[in-house]
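Take a look at the letters that make up each chain.
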Amino acid sequence: MSALNLGWHCKSFDSQTALRCGTYPAFSHQANALAFRGSESMGHALKIPFGNTSARRRLMNHIHPPLRVVCVDYPRPDLDNSVNFLEVALLSSSFRSSLRPSKPLKVVIAGAGLAGLSTAKYLADASHKPVLLEARDVLGGKVATWKDDDGDWYETGLHIFFGAYPNVQNLFGELGINDRLQWKEHSMIFAMPNKLGEFSRFDFPEVLPAPLNGILAILKNNEMLTWPEKVKFAIGLLPVMVGGQAYVEAQDGLSAQEWMRKQGVPDRVTTEVFIAMSKALNFINPDELSMQCILIALNRFFQEKHGSKMAFLDGNPPERLCMPIVDHIQSLGGEVKLNSRIKKIELNDDGTVKRFLVNSGDVIEGDVYVFATPVDILKLLLPDNWKEIPYFKKLKKLVGVPVINVHIWFDRKLKNTYDHLLFSRSPLLSVYADMSVTCKEYYDPKQSMLELVFAPAEEWISRSDSEIIDATMGELAKLFPDEISTDQSKAKIVKYHVVKTPRSVYKTVPNCEPCRPSQRSPIEGFYLSGDYTKQKYLASMEGAVLSGKLCAQAIVQDYELLVARGQRELTEATMS
Ligand SMILES: Cc1cc2nc3c(=O)[nH]c(=O)nc-3n(C[C@H](O)[C@H](O)[C@H](O)COP(=O)(O)OP(=O)(O)OC[C@H]3O[C@@H](n4cnc5c(N)ncnc54)[C@H](O)[C@@H]3O)c2cc1C
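Residues numbered from 1 in each chain as written. Predicted model: local features only at pLDDT ≥ 70, side-chain atom pairs only at ≥ 80, totals over all residues. Heavy atoms only, no water.

- The name given to the protein in an unreviewed UniProt entry is Phytoene dehydrogenase, with Populus trichocarpa as the source organism.
- UniProt, in its Pathway (unreviewed entry) section for the protein, records the words "Carotenoid biosynthesis; lycopene biosynthesis."
- The protein has a UniProt comment under Sequence similarities (unreviewed entry) that states "Belongs to the carotenoid/retinoid oxidoreductase family." (UniProt positions renumbered as here; feature names shortened; annotations may be inferred.)

**A few points about the overall build of the protein**
And step 1. Within the protein, the regular secondary structure consists of 19 helices and 24 strands.
And step 2. Relative to its full complement of 576 residues, the protein shows a buried share of 59%.
And step 3. Expressed as a percentage of contacts within the protein between residues at least 6 apart in sequence, the contacts between residues at least 24 apart total 68%.
And step 4. For the protein, the computed accessible surface area is about 23,400 Å², with 54% contributed by carbon and sulfur atoms. (Helix = DSSP H or I, 4+ residues; strand = E, 2+ residues; numbered from the N terminus. Buried < 20%, exposed > 50% of the residue type's maximum accessible area, 1.4 Å probe, protein only. Contact = heavy atoms within 4.5 Å. Areas by Shrake-Rupley, 256 points an atom, 1.4 Å probe, with all protein chains shown as cover.)

**Structural notes on the sheet that holds strand S21 (residues 429–434)**
And step 1. The mixed open sheet is built from seven strands, whose spatial order is S12-S11-S20-S21-S22-S19-S23. With one partner strand each, in any of the chains shown, strand S12 (199–203) and strand S23 (493–501) form the two edges of the open sheet.
And step 2. Across five bridges, the pairing between strand S11 (residues 187–191) and S12 is antiparallel. Its bridge partner being in S12, Ala191 is matched across the sheet by Phe199.
And step 3. Lying over the sheet, helix H11 (residues 267–282) contacts S11, strand S20 (422–423) and S21, oriented at roughly 75 degrees with respect to S21. (Pairing = 2+ DSSP bridges. Axes fitted to C-alpha atoms, helices over the stretch in contact; angles between N-to-C directions.)

**Looking at the environment of Glu335**
And step 1. By secondary structure assignment, the location of Glu335 is in strand S14 (residues 335–337).
And step 2. Linking Glu335 and Lys129, residues 206 residues apart in sequence, is a C-alpha distance of 7.8 Å.
And step 3. The residues contacting Glu335, other than those within four sequence positions of it, are Lys129, Pro130, Val131, Leu132 and Ile329.
And step 4. Within the local environment of Glu335, its side chain forms a polar contact with the side chain of Lys129, the two groups lying 2.7 Å apart. (Polar contact = N/O pair within 3.5 Å; in protein donor to acceptor, adjacent residues only side chain to side chain.)

**Some words on the pattern of salt bridges**
Should the charged atoms of two oppositely charged side chains come close, the side chains can pair.
And step 1. Taken as a whole, this structure holds 32 salt bridges when the rule is applied.
And step 2. Residue Lys121 is joined to Asp125 by a salt bridge in which the shortest nitrogen-to-oxygen separation is 2.7 Å. Of this pair, Lys121 and Asp125 are both found in helix H6 (residues 114–125), four residues apart, which corresponds to roughly one turn of the helix.
And step 3. Residue class for Lys121 comes out buried when judged on its relative accessible area of 1%.
And step 4. For Asp125, a relative accessible area of 1% translates into the label buried.
And step 5. As a salt-bridge pair, Glu185 and Arg201 come within 2.7 Å of each other at their nearest N and O atoms. Remark: Arg201 occurs in strand S12 and Glu185 occurs in the loop between strand S10 (181–183) and S11; sequence separation between them is 16 residues. (Salt bridge = Lys/Arg side-chain N within 4 Å of Asp/Glu carboxyl O.)

**Re helix H7 (residues 166–175)**
And step 1. Counting buried positions along H7 gives eight out of 10 residues, so the element sits mostly inside the fold.
And step 2. Every buried residue belonging to H7 is among Pro166, Asn167, Val168, Asn170, Leu171, Phe172, Glu174 and Leu175, and all of these are buried.
And step 3. Just past H7, the residue Gly176 takes up positive phi, approximately 70 degrees.

**Considerations on unusual backbone geometry**
And step 1. The omega torsion across Ala210 and Pro211 is 0 degrees, close enough to zero to call that bond cis.
And step 2. Structurally, Pro211 is set in the loop between S12 and helix H8 (212–220).
And step 3. Here the residue pair Ala455 and Pro456 is connected by a cis peptide bond, since its omega of -10 degrees sits within 30 degrees of zero.
And step 4. Inspection of the secondary structure puts Pro456 in the loop between strand S22 (449–454) and helix H17 (465–479).
And step 5. Unlike most non-glycine residues, Phe283 shows phi in positive territory, near 65 degrees.
And step 6. If you trace the backbone, Phe283 turns up in the loop between H11 and helix H12 (291–303).
And step 7. For Phe283, a relative accessible area of 17% puts it in the buried group.
And step 8. Of note in the backbone geometry, Gln488 takes a positive phi value of approximately 60 degrees without being a glycine.
And step 9. Within the secondary structure layout, Gln488 lies in the loop between H17 and S23.
And step 10. Residue classification places Gln488 among the partly exposed positions, given a relative accessible area of 27%.

Structure, rendered in structure tokens:
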């Protein structure tokens, strides 16, 4: 490996020294860490086996101070050392400043959701020039929000950050905005449909490591599952513990409900716990959701002590999260343009991308092109002669799932609520929160604003807002029996906003995992980013951010190829 292979021209860093590879002595056993040592102690590049969290944490505490190794969680067994090295180098500011690509690439990216923003951010970090084009007048895609005439925010979706989101947390750290995550008590709180107005909690004890904290949280909760049900569920989960990741991946062919039945887990476990979990994870029920999706989430929660700990952003995501990313991109010479909808991908004779056509009539050319739009949009814009390529053909199975986000402002402060996310366990609703309590910017001492995810929404997406609000009030009357009634004789609605997303994250039905594309497409110079692309997290903010990082990484890895391609095109243009 040499730094040049990664598309960098070394100025003050001796690539030969970088090649000197030794085992990091204190942790070789536990972590099998490989260290590449820079000539001026600039740092190490680390390879740590996937999943070994305690070794990783110990290692983090001993890393040489000049190097901010912010992504040690990222390395994957299928990636080689150079990728881990690159990853660290990308994020270490002292290291980065000593390494520059000999010719920065102009990378045109469609879509400023978290995936597009992350792609642009990490490309800018690697000294390339991203040009990020967003169709709408708002940043963030599925985390976009709007201000109404009273100055109140309403959102595309109620968003929760988990402890098991290392790439998101690294991003916050790199931007210096860690304090914007408002962490809540380490608990999961479920409404009790048979005891109106009551809740049941799973409390994760702080003193215990994972998975003991999770096991104890489940054992201590006797309101939702009986002891025989817990035992049968634990037995059902044994193959996951024995088979690990390979077993988890092999369960993609089964729905959650099918898997539970196959493992002899009583249906009541599905009804009590996994309807709520499926709806929270993918806005669908367990008879539709791939079991792999649930097992991935459970694995993260059981492997990491704070994996299931939840945080709310302290305000609206476009300003509190997306803008700092944009500022960062622009400070490094990148560009971000709103109201720039790509309407056509124009091709060269050899089938590679010539340019993007924008709705304004502008044409945008670059050295490299990235699509970071939802998969449904990509499919609509695919050039005809790409459609039969298996990589693109497989996308047919990935289809966005409908979901509705409801906001209701009441004339009073509701009491039967917590400073936390709540699982409604209602037929029409998924999770909800009183945002006037949970989120600093939305704080209101006098009035509650409930934000609720309405799912599954297939049958409701085309109904009127007032019908949706009426149905929501019917469910709220059960969650707040003393405070809310459908005729509004108790708490009164001051106003509401309903945001419908007919195609949100891809519907994670059985057998769609093999259809998820890698970030590097078979078309030279064309890449994909987005939560639906291949990465080990689900369709989530973490998945979107990681996909952007992987996309930037693929481009940096392909640097020499991409430069050579640019030169070839230049020569051909000159000759013709
Ligand atoms: C209701 C709801 C609740 C959610 N809750 C959570 C949660 O609690 N935790 C969590 O981790 N995740 C949650 N998610 C999922 C999370 O929001 C997404 O996984 C993530 O934001 C997707 O990011 P993305 O960049 O891949 O896609 P998007 O956010 O969809 O970004 C794509 C961007 O491309 C733009 N675009 C589209 N067409 C074009 C075009 N032709 N030209 C240029 N730009 C274009 C879009 O406008 C958009 O900005 C939730 C999602 C929803 C809908």
